[in-house]
Amino acid sequence: MNRQYKKVLSIKLITIVLFISSLSAFMGVIFYTSMSVQAHNHGKTVLLINSYHKGFAWTDNITDAITKRFQEDDMEVTLLVEYMDWKRYPKPENLDSFYQRIRYKYANKKIDLVMVSDDAALNFTLNYRDKIFTDIPIVFCGIYSDTAKIHMEQSENLTGVVEKIDSKNTVQFVLSIDPEIKRIYVFHDNTESGIQAFHDVIKGVNEVDRGLNVTSLSTVSYNDMINKGVDLPDNSIILMTTFTRDIEGKTMDVEEWAEVLRSKTNTPIYGLYEMGLGNGIIGGSLISGEMEGKEAANIGIRILKGEDVSSISLQEKETTSFIFDYNQLEAFGISNKKLPAGSILINKPFSFYEAYRHLVWAVTGIFTCMAVFIVILYRNINKRKKVERDLLYSHDELNNLYEELAASEEELRAQNQELEENRNYIQKSAERYQLVFEASNEGLWELDLHTNESFFSERWYEIFDCYKNREISRFDAWVELVHPDDREDVAAVLDTLKSGRIDQFVSEYRIQRKNGEYQWVLAKGIALKDYDGSIKRLAGSHANIHEKKIQEEKIKQLAYHDTLTNLPNRASLHHKLREIVKESKEKKTKSAVIFIDIDNFKIINDAFGHTFGDILLMRLGERLLEKVGQNVHIGRLGGDEFLILYENLSSREQVDCFIKDIIKCLEKEFVIDQKSFHITASIGIAIHPDDGISPDDLLKNADTAMYRAKQDGKNCYRFFERSMNEHLEEKLLLQNGMRYGLERNEFVLYYQPEIEPHSGNIYGFEALIRWFSPDHGWISPLQFIGILEETGLIAEVGKWVIQEACKFAKEINTDIKQEIIVSVNVSPIQLIHNDFVDTVKHIIKASGVLPRLIGLEITETALMESFSQNIEKLHELKELGVHIILDDFGTGYSSLNYLRELPISILKIDKSFVDDLVNEEGSPLTESIVALAHSIGLRVVAEGVETEAQLETLKRYKCDLIQGYLISRPVPKEETKRFMNI
């Protein structure tokens, strides 16, 4: 007993010791972990500087997100927040005051990290970094991508989150619900962020559809809205950015501006930021201040935990999401079903179904399962009762059948004996037939007309893809496998053979296999006659010739069809045209040859690749193929050229209607690789016999008419006229005469002055080429400039123009105090030449003129050809001192996107904008262009000024220079002296 007690006691002591040891180890781990956490989580201080004021929704969202993210982390962080209030007080005095306050509060305080929101705060922090924030890491948010990358390149110990507005997706959504939208008005202020937002909207809109018109509303004031309202066209929308201060200095929060704007216009308002949502904005793909703040805080936490700033790259994540106001969607009749997937709705009324959807579906599912179970149970009970009745009935039938079988058993024994006796004879006959049929590679068949018995060899069944004695129950059954187009002829041949009208036949036709495909067979047949001349038996064979026919069809297809579109090719079309011309002569009818050439197809190939272009040609061929009819034949000549042959015309108007239908067919949108775009075509028509008798003449004249359509602006059609050939002859004569124009000194320069509108002083002259031909007299530049570019003579003539302009600039700047600039127009053909820059440098050096007295006028079209190479050339010329002038601004599509990259110093507004100054729509746009150019340091020239009213308006817009007939027409060199005294 004593020994057992000791054993128990020992076990308890060991247990206690192990428990105490485990507890000590556990407490040690907890203590060590706690000490490590305390060592790691020592207090950190973060200073957050906001560009704008407290209460501004954007700033509050960023601040709240940063605060919340720091609170969620296990670090002990003290967040200090300061507000610059830059939107309401963008003055130097505010900046100085804010600097003094920050310096006083934080000069002697240890700051571990500085976080800034938006441009003003980042610029302030970087400018005063050496004085206040030396060596302190900086994390930014709310900065546009281009600006952020510049700061990252110029500054160290800096990183952050890029702000990217998503105007593209918002515009795509708007167009999906209303494709008729043509105008987008951007509501933005004239702050740095407002102007940048306007530029980004233009960029996004151009990515969607270059046909949309983007207009700035930065000049609309609060008083204008209150007193006049905002009356915009029906096919327009408003995009609202971070508008805070109007052009007259009135400052309000974005929410207040949104409410005022909504109350004063019936136009739908969409946004790019969350501010204003719930105050009149429908919504869109909106930037979230909360998301930007959270991403910036994540970067800050990584830095505070020891990660090197230089290893953290610039964050360019999307911080947008589709958010919409339910009330505004209802007001404008926009269905929720049209919203993008994953969209967020605010102000949506409570719905019991949506709140308890899962519960409703669960209860419905339970009741449905119960109902199904009851139905199944009921049917099983009925089925069981029926089976019981059937079993009883079957039992009675089996009894009767057994009795009948017993009676018939004896009779069957006798018949079996007789069958056994004939068995050997039948087997021998079958073996003989087997040997004959299998000796042939063709499928053999035989029909006895007296007994109507038929026989088919194994090879025959293989060819017809049938199971012997199963699928062919009667002789004529196999005819049902013949192709519907061939079946009637095959049946007729068999009937003729059976009747004895023919003794044999050979034919080719198609039969259907089990997989639904058809194969070609060669059929032969013969009739065997009795001694009295009557048909007693038919026999024949079938051979598989499918591969042979396929090869024949492929050869025919390759010879007469285009390999890309599968349309008839040039050879096939020429053959068909000869047939149509021959038939038209015989029947004295008319026909038309229609030549189609796709406009700007080379640009599509260069931009997206030849594979993309091939897909487009196939899609285009499919559309044109839909127009094929009994009298219409369509094919591809090659490249982007298609030909349509229209026979048996009743009138010219019939062709006119058909061509309009073709143009409407081409205007429909093409979608390839998720890219949507439209194409146009130039079409020429020649009528037989009015425009030609032979096929070659008709093709040539239709081609000539097509080129006239190209010259008339493309996207149109022209009927051939005799005068077109005369025009070609005239063009050829001009081209021949032009080659000797320089040698004979037939070209001359005229000069049109440019003046400063307020002072009346002359600024410069634009050199304009003129041509006086002894054979043709004065010839308009519109007639010969295009020919110069087509023939390549533009390079030589352009070099002469620059030489003469440099001489003129040297001459007129000799004895006057004020320098006068002479500018010349540069063709795209000149600009793409590799030696263009060297040529200009050589001419300037040889003439002795100062480079700053010369200007080169480049059109948007010229710049877009080989853009990157052209930019390098223009930078090199600008470094030399030459003025680079952007001509015809506003007539292209891409110059707004590249204004900052272009090395230009002067921007010329196209004459069409000056003409529109009298229109309410055109005037604000011209003013916006002037303001935009001035904001990036460019001077503005308005060309084509013809009236005093236009001049006064341009003065009011502070336009720098004026050019046009109101001042002077282009004049010879001798008459320019009278402008020197202006």
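These numbers come from a predicted model, not from an experiment.

**Quick look at the overall build of the chain**
Then comes step 1: Secondary structure summary: the chain contains 32 helices and 33 strands in total.
Then comes step 2: Looking at the 982 residues of the chain, the share that counts as buried comes to 44%.
Then comes step 3: Sequence-distant contacts in the chain: of pairs separated by 6 or more residues, those separated by 24 or more amount to 64%.
Then comes step 4: As presented, the chain carries roughly 54,300 Å² of accessible surface, and 51% of it is formed by carbon and sulfur atoms.

**Brief notes about the packing of aromatic side chains**
Then comes step 1: Under the criterion given, the structure shown has 21 aromatic pairs.
Then comes step 2: With a centroid separation of 6.1 Å and an interplanar angle of 10°, the aromatic rings of F322 and F324 are classed as stacked.
Then comes step 3: Judged by its relative accessible area of 0%, F324 is buried.
Then comes step 4: Members of the aromatic cluster, joined through ring pairs, are F98, Y99, F124 and Y128.

**Considering the pattern of salt bridges**
Then comes step 1: Here the structure, examined in full by the defined rule, presents 36 salt bridges.
Then comes step 2: A salt bridge links E583 to K587, with the shortest nitrogen-to-oxygen separation between them at 2.7 Å. Taken together, the residues E583 and K587, both in helix α17 (residues 570-587) and four residues apart, mark about one turn of the helix.
Then comes step 3: Exposure remark for E583: the relative accessible area of 26% places this residue in the partly exposed category.
Then comes step 4: E857 serves as the salt-bridge partner of K908, at 2.9 Å between the closest nitrogen and oxygen. Within this pair, whereas K908 is found in strand β31 (residues 906-909), its partner E857 is found in strand β29 (residues 854-859), the two being separated by 51 residues in sequence. Just as K908 is buried, E857 falls in that class too.

**Details of a nonpolar patch on the surface**
Then comes step 1: Together, F350, Y356, L359, V363, I366, F367 and M370 make up an exposed nonpolar region whose accessible area comes to about 780 Å².
Then comes step 2: With respect to the element layout, M370 can be found in helix α13 (residues 357-438).

**Some words on helix α18 (residues 601-608)**
Then comes step 1: Every buried residue belonging to α18 is among F601, I604 and N605, and all of these are buried. Projected onto a plane normal to the axis of α18, the buried residues spread over an arc of 95° and lie on a single side. Away from the buried face of α18 by more than 90 degrees, exposed residues K602, I603, D606 and A607 are located.
Then comes step 2: Looking at the buried side of α18, the elements it contacts are β18 (590-598), α19 (610-625) and β22 (675-677).
Then comes step 3: Looking at the residues trailing α18, positive phi occurs at G609, about 100°.

**Observations concerning the pairing of strand β2 (residues 77-83)**
For a regular strand, side chains alternate in direction, first toward one face of the sheet and then toward the other.
Then comes step 1: Note: strand β1 (residues 44-50) against β2, seven bridges, orientation parallel. Across the sheet, the residue bridging to I49 is E82, located in β2.
Then comes step 2: With helix α2 (residues 57-72) bridging β1 and its parallel neighbour β2, the resulting β-α-β unit is right-handed.

**Observations concerning the side chain of N569**
Then comes step 1: Mapped onto the fold, N569 is located in the loop between α16 (546-560) and α17.
Then comes step 2: The exposure class of N569 is buried, given its relative accessible area of 14%.

**Details of the packing of helix α6 (residues 167-177) against helix α7 (residues 192-208)**
Then comes step 1: Remark: α6 packs on α7, axes separated minimally by 8 Å, with the N-to-C direction vectors making an angle of 50°. Accordingly, the angle class assigned to the pair α6 and α7 is oblique. Both α6 and α7 take part in a crossing whose hand is right-handed. Contacts from S167, K168, V171, Q172 and L175 in α6 reach D200, V201, G204, V205, E207 and V208 in α7.
Then comes step 2: Its residues assigned to classes, the contact of α6 with α7 shows five nonpolar, three polar and three charged.

**Focus: the nonpolar core**
Then comes step 1: Core analysis: the largest hydrophobic core is formed by 99 residues, its most contacted members being I49, M115, F124, F133, F187, M240 and Y270.
Then comes step 2: The residues touching I49, leaving out its near neighbours within four places in the chain, are E82, M84, F98, V114, M115, V116, S117, A121, F124, T125 and F133.
Then comes step 3: Judged by nonpolar contacts, the second largest core, of 77 residues, contains I802, V882, I904 and V971.

**So, the sheet that holds strand β12 (residues 344-346)**
Then comes step 1: Strands sit in the order β10-β11-β12 across an open sheet of three strands; the sheet is mixed. Only two strands of the sheet have a single neighbouring strand rather than two, namely β10 (283-287) and β12. Across the sheet, the mean angle separating the axes of adjacent strands is 35° when strand polarity is ignored.
Then comes step 2: Both β10 and strand β11 (residues 320-325) contribute to a ladder of five bridges, which runs antiparallel.

**A closer look at the packing of helix α24 (residues 794-812) against helix α26 (residues 836-847)**
Then comes step 1: The interhelical angle for the contact between α24 and α26, taken along N-to-C directions, is 35°, at an axis separation of 9 Å. As for the relative orientation of α24 and α26, their crossing is right-handed in sense. Note on element contacts: α26 touches α24 through T839, V840, I843, I844 and S847, opposite K799, I802, Q803, C806 and K810.
Then comes step 2: Class assignment for the residues of the contact of α24 with α26 results in five nonpolar, three polar and two charged.

**What about the side chain of T496?**
Then comes step 1: Within the fold, T496 resides in helix α15 (residues 484-499).
Then comes step 2: Overall, T496 belongs to the buried group, its relative accessible area being 18%.
Then comes step 3: Sequence-distant contacts of T496, defined by excluding residues within four places in its chain, comprise R501 and I502.

So, how was this worked out
Residues numbered from 1 in each chain as written. Predicted model: local features only at pLDDT ≥ 70, side-chain atom pairs only at ≥ 80, totals over all residues. Heavy atoms only, no water. Helix = DSSP H or I, 4+ residues; strand = E, 2+ residues; numbered from the N terminus. Buried < 20%, exposed > 50% of the residue type's maximum accessible area, 1.4 Å probe, protein only. Contact = heavy atoms within 4.5 Å. Areas by Shrake-Rupley, 256 points an atom, 1.4 Å probe, with all protein chains shown as cover. Phe/Tyr/Trp six-rings, centres within 6.5 Å; stacked < 30°, edge-to-face > 60°. Salt bridge = Lys/Arg side-chain N within 4 Å of Asp/Glu carboxyl O. Patch = residues over 30% accessible without salt bridge, like charges linked within 9 Å, V, L, I, M, F, W, Y side chains within 5 Å. Arc of directions from axis to C-beta. Pairing = 2+ DSSP bridges. Right-handed = clockwise from strand over helix to strand, strands pointing away. Axes fitted to C-alpha atoms, helices over the stretch in contact; angles between N-to-C directions. Parallel < 35°, antiparallel > 145°, perpendicular 65-115°, else oblique. Left-handed = near helix turned anticlockwise from the far one by under 90°. Nonpolar A, V, L, I, M, F, W, Y, C, P; charged D, E, K, R; others polar. Core = buried A, V, L, I, M, F, W, Y, C linked by side-chain atoms within 4.5 Å.

Note that every value here comes from positions in space, so none of it alone points to a role or purpose.
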